[in-house]
Amino acid sequence: MKRITSLFFIIFSTILLAQPEANYDETRIPKFSVPDPLTSFSGRAITDTDQWEKNRKLEIYQFFEKQIYGKVPAMLDEYSFKVIEQDNNAFEGKAQRKQIAVGLKKNGRTLNFNILLYLPNGHENAPVFLGYNFHGNHTVTNDPKVIITEAWNANNDDLKISNNKATEASRGVRTNRWPITKMLEKGYGLATVYYGEIDPDKNDFSDGLHSLYYTEEQTRPRTNEWGSIAAWAFGLSRAMDYLENDTNISNVIVFGHSRLGKAALWAGVTDPRFSGVISNNSGCGGAALSKRKYGETIEHITTSFPHWFSQSFKKYSNREETLPVDQHQLLALIAPRPLYVASAIEDEWADPKGEFLSSQYASKVYELYGKKGLSLTDVHEVDKPIQRTLAYHMRAGKHDVTEYDWDQYMIWADTFAK
Ligand code: GCU
C-alpha cells in the first residue's frame, strides 16, 4: 500500500510540476507587437521628456510595480548601520575593507544583513559597484577576514555548501566572478551583500524581509505586494542608504547576474540614486522580451519560482499577448541613466536576442533625452560590445559572469562614473 501511495505521489507531482518544453526555434516565435514606450495606454503620443516623466513613465512604472514585481507595502520603522570590522590595508595594501551590519526594523521585528565593502586606496572619491552574491560575502574573495553568513544557503556540492549552511569550506569559491584586484587597480570599489540575508530564495514567505511586515494572521504578502525580486531590490536600496553617506564614495553602479540581474534592474528603476545599472544575463523577467516566448517563459518562471514576483504575474502565463507592456519598457524606466545589458551566446534559456531587441526598443526613450542607445540598424554579434549610454554586449560562452564582462563594464563606467 505504501509503495502504491508513493507511486501515485510521484506520478501526481510529475504531472503537477511538468514544465512545457522551451522553444529555441526563431520560426516558432508567436507574432506579436511590441508596445511602444512612447504611446500611452490611452493611445496618446509622447513627444518630450516632460510628458514622459509626468505621465507615461508613471503608468508603465505602476504596471510593473503591481502586476509584475509587486509593491513594497510600507517603509521600515527604523534602520541602523554599524561598521563592525575595518582594515585599511586589505588586499596587500590596495584596499580599505569595511564590513557593515545593517539592521532593518518593522513592527518590532528585525532583520540584519552585512555589507562587505572594499574601497581602492589612493582614490579619494571612488565609484563603487554594488552587487548581490549568491552564496555569501566570503565566497567572492579568499580574504580570511570576511565574515561567513549565518543565513540559510542553497546547497551546492561544487561550491561546498551543504546542510543549507555556509562554512569555511566555501571561502573564495566564487572569486572567478569578482575580479576585485582589477577593480581596485582601476580605481573602483566593490560592495557586496549575500542576497539570502534579505530574503532566502525559496518558495516560503515565512522568513526574510516580507515577514517583518505581517499582521498577526498574515502568512504571505497580499496579491499585488512584493515577491522576492522586489524584496531584493529593496535590500539594495538599504545598502545604498549606507553607501551614499560614505564620503569616500562618489557614486554607485548597481550590478546583478541572472535572478540578481532582475533584482538589479528593478532596483535601478525604483531608486534613482544608482548612477548606473548593469544587467548580466538577466533573461526572463529581466532584460529579455516576454512576448517572444523564446527559452524561459512566464509560465516556466512563475511555476519554478512563484515567490519571485507579485502573485498577479501568473495571469500572463501563456497569455503574453495580453500584457500591455514588455521588458524593454522596464529598461526605458532607467533612462537617462547609464544602463548596460549583457548576454552570453550559449545562454539560450535567457534569450540573448530577446535581450538585444529589448535594449534596441528601449533606446527610443534614451534618445528623447538626447542620449545614445542602440539603433535599429545595430547588429547582434558575439564579442562586439556596443558601448553607449545604453550599452550592450553578447559574450562568447555560457550563463556566467566572467572577467570579459567586467572588463567591458569598467571601460563603460569610465565614461560616466569618474
Ligand atoms: C534559473 C531561472 C532564471 C534565472 C537563473 C539564475 O535558470 O530560470 O530565470 O535567471 O535561474 O538566477 O541563475
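Note that the structure is a prediction, hence the values are computed from the model and not measured.

The rules behind these values
- Residues numbered from 1 in each chain as written.
- Predicted model: local features only at pLDDT ≥ 70, side-chain atom pairs only at ≥ 80, totals over all residues.
- Heavy atoms only, no water.
- Near = heavy atom within 4 Å.
- Polar contact = N/O pair within 3.5 Å; in protein donor to acceptor, adjacent residues only side chain to side chain.
- Areas by Shrake-Rupley, 256 points an atom, 1.4 Å probe, with all protein chains shown as cover.
- Nonpolar A, V, L, I, M, F, W, Y, C, P; charged D, E, K, R; others polar.
- Pairing = 2+ DSSP bridges.
- Helix = DSSP H or I, 4+ residues; strand = E, 2+ residues; numbered from the N terminus.
- Axes fitted to C-alpha atoms, helices over the stretch in contact; angles between N-to-C directions.
- Contact = heavy atoms within 4.5 Å.
- Salt bridge = Lys/Arg side-chain N within 4 Å of Asp/Glu carboxyl O.
- Buried < 20%, exposed > 50% of the residue type's maximum accessible area, 1.4 Å probe, protein only.
- Right-handed = clockwise from strand over helix to strand, strands pointing away.
- Expected span 1.5 Å × (residues − 1).
- Bend = angle between axes of the 7 residues up to and from the residue.
- Phe/Tyr/Trp six-rings, centres within 6.5 Å; stacked < 30°, edge-to-face > 60°.
- pLDDT = per-residue confidence, 0-100.

*Asks:* Help me out: how do you make sense of the site of the ligand in this one?
*Replies:* Residues in close proximity to the ligand include S258, R259, K262, E296, I301, F305, W308, W349 and H399, which together make up its full environment. Measuring from an oxygen atom of the ligand, one finds a side-chain N or O atom of R259 at 2.6 Å. In isolation the ligand has 320 Å² of accessible area, and contact with the protein removes 82% of it. Grouping the constituent residues of the shell around the ligand by class yields 4 nonpolar, 2 polar and 3 charged.

*Asks:* Help me out: how do you make sense of the sheet that holds strand β1 (residues 78-90) in this one?
*Replies:* Pairing between the strands of a sheet is mediated by backbone hydrogen bonds and can be parallel or antiparallel. Spatial ordering of the open sheet is given by β1-β2-β3-β5-β4-β6-β7-β8-β9, a layout of 9 strands whose pairing is mixed. Both outer strands of the open sheet, β1 and β9 (390-395), are each paired with one neighbouring strand and no more. Going across the sheet, the axis of each strand differs from the next one's by a mean of 20 degrees, ignoring polarity. Strands in contact with helix α6 (residues 259-270) are β4 (126-133), β6 (249-257), β7 (276-280) and β8 (339-344); relative to β6, the strand with the most contacts, it is inclined by about 140 degrees. Sheet strands touched by helix α10 (residues 403-414): β4, β6, β7, β8 and β9. Its angle to β9, the strand with the most contacts, is close to 160 degrees.

*Asks:* Looking at this structure, how should I read the pattern of salt bridges?
*Replies:* Pairing between side chains of opposite charge can happen when their charged atoms approach one another. Per the counting criterion, the structure on display carries 32 salt bridges. Measuring nitrogen to oxygen at the nearest pair gives 2.9 Å for the salt bridge that ties R97 to D143. In this pair, R97 sits in strand β2 (residues 95-106) while D143 sits in the loop between β4 and α3 (180-185), placing the two residues 46 residues apart along the sequence. The exposure class of D143 is buried, given its relative accessible area of 11%. Where D405 meets R395, a salt bridge forms, and the shortest distance between an N and an O atom there is 2.8 Å. Here D405 is found in helix α10, whereas its partner R395 is found in strand β9, with 10 residues between them in sequence. Judged on exposure class, the residue D405 and its partner R395 are both buried.

*Asks:* Whenever I open this one, the environment of T39 confuses me. Can you help?
*Replies:* Structurally, T39 can be placed in the loop between α1 (2-17) and α2 (49-69). Judged by relative accessible area, T39 falls into the partly exposed class, the value being 27%. Linking T39 and R56, residues 17 residues apart in sequence, is a C-alpha distance of 7.8 Å. Of the polar contacts made by the side chain of T39, one reaches the side chain of D36; its length is 2.8 Å.

*Asks:* Can you help me understand the pairing of strand β5 (residues 189-194) in this one?
*Replies:* In the case of a regular strand, side chains alternate between the two sheet surfaces. Of all 6 residues in β5, 6 are buried, a share of seventy percent or more. Residues G189, A191 and V193 of β5 are buried on one face, and the alternating residues L190, T192 and Y194, pointing to the opposite face, are buried as well. Bridging between strand β3 (residues 109-120) and β5 involves 3 bridges; their strand directions are antiparallel. Its bridge partner being in β5, L116 is matched across the sheet by T192. Two strands pair when backbone bridges link them, and β4 and β5 are joined in this way by 6 bridges, in the parallel orientation. Looking at the pairing, G131 lines up with T192 of β5. The handedness of the β4 to β5 crossover, carried by α3, is right-handed.

*Asks:* Explanation requested: the environment of E26 in the structure shown.
*Replies:* Mapping E26 onto the fold places it in the loop between α1 and α2. The spatial distance from the C-alpha of E26 to the C-alpha of E168 is 46 Å, given a sequence separation of 142 residues. If sequence neighbours within four positions are ignored, E26 has contacts with R292, Y294 and K353. Reaching out from E26, the side chain makes a polar contact with the side chain of R292 at a distance of 2.8 Å.

*Asks:* Help me understand α2 in this model?
*Replies:* Working note: α-helix, 3.6 residues per turn, so residues spaced by three or four point in the same direction. For α2, with 21 residues, the first-to-last C-alpha span of 25 Å runs short of the 30 Å given by 1.5 Å per residue. Of all the bends in α2, the greatest measures close to 40 degrees and is centred on R56. Those residues of α2 that fall on the buried side of the exposure criterion are W52, R56, I60, F63, F64, E65, Q67, I68 and Y69. Looking at the buried positions of α2, the neighbouring elements they touch are α5 (228-243), α6, α8 (327-332) and α9 (352-368). Where α2 begins, the side chain of D48 points an oxygen toward the backbone nitrogen of D50, at a separation of 3.2 Å. Positive phi shows up at G70, right after α2, with a value of about 95 degrees.

*Asks:* How should I be thinking about the packing of aromatic side chains in this particular structure?
*Replies:* The geometry of an aromatic ring pair is captured by the separation of the ring centres together with the interplanar angle, meaning the angle of the planes. Following the criterion strictly, the structure yields 27 aromatic pairs and no others. With a centroid separation of 6.3 Å and an interplanar angle of 15 degrees, the aromatic rings of F64 and Y69 are classed as stacked. Measuring from ring centre to ring centre gives 5.0 Å for Y213 and W226, while their planes differ by 90 degrees; the resulting arrangement is edge-to-face. Remark: W226 occurs in the loop between α4 (208-211) and α5 and Y213 occurs in the loop between α4 and α5; sequence separation between them is 13 residues. A relative accessible area of 10% means that Y213 is categorised as buried. For W226, a relative accessible area of 1% translates into the label buried. Chaining the aromatic ring pairs together yields one cluster made of F129, W178, Y188, F255, Y340, W406, Y409, W412 and F416.

*Asks:* Can you walk me through the confidence of the model for the protein chain in this structure?
*Replies:* Note: predicted coordinates in regions of low pLDDT should not be interpreted at a detailed level. A residue-level look at the protein chain finds 96% of positions with pLDDT of 70 or above and a mean pLDDT of 96. Predicted confidence is poor over residues 1-5, with pLDDT under 50, and the contacts of this stretch with residues over four places away or in other chains come to 0 contacts. Contacts of residues 11-16 to residues separated by more than four positions or lying in other chains number 0 contacts, the stretch itself having pLDDT below 50.

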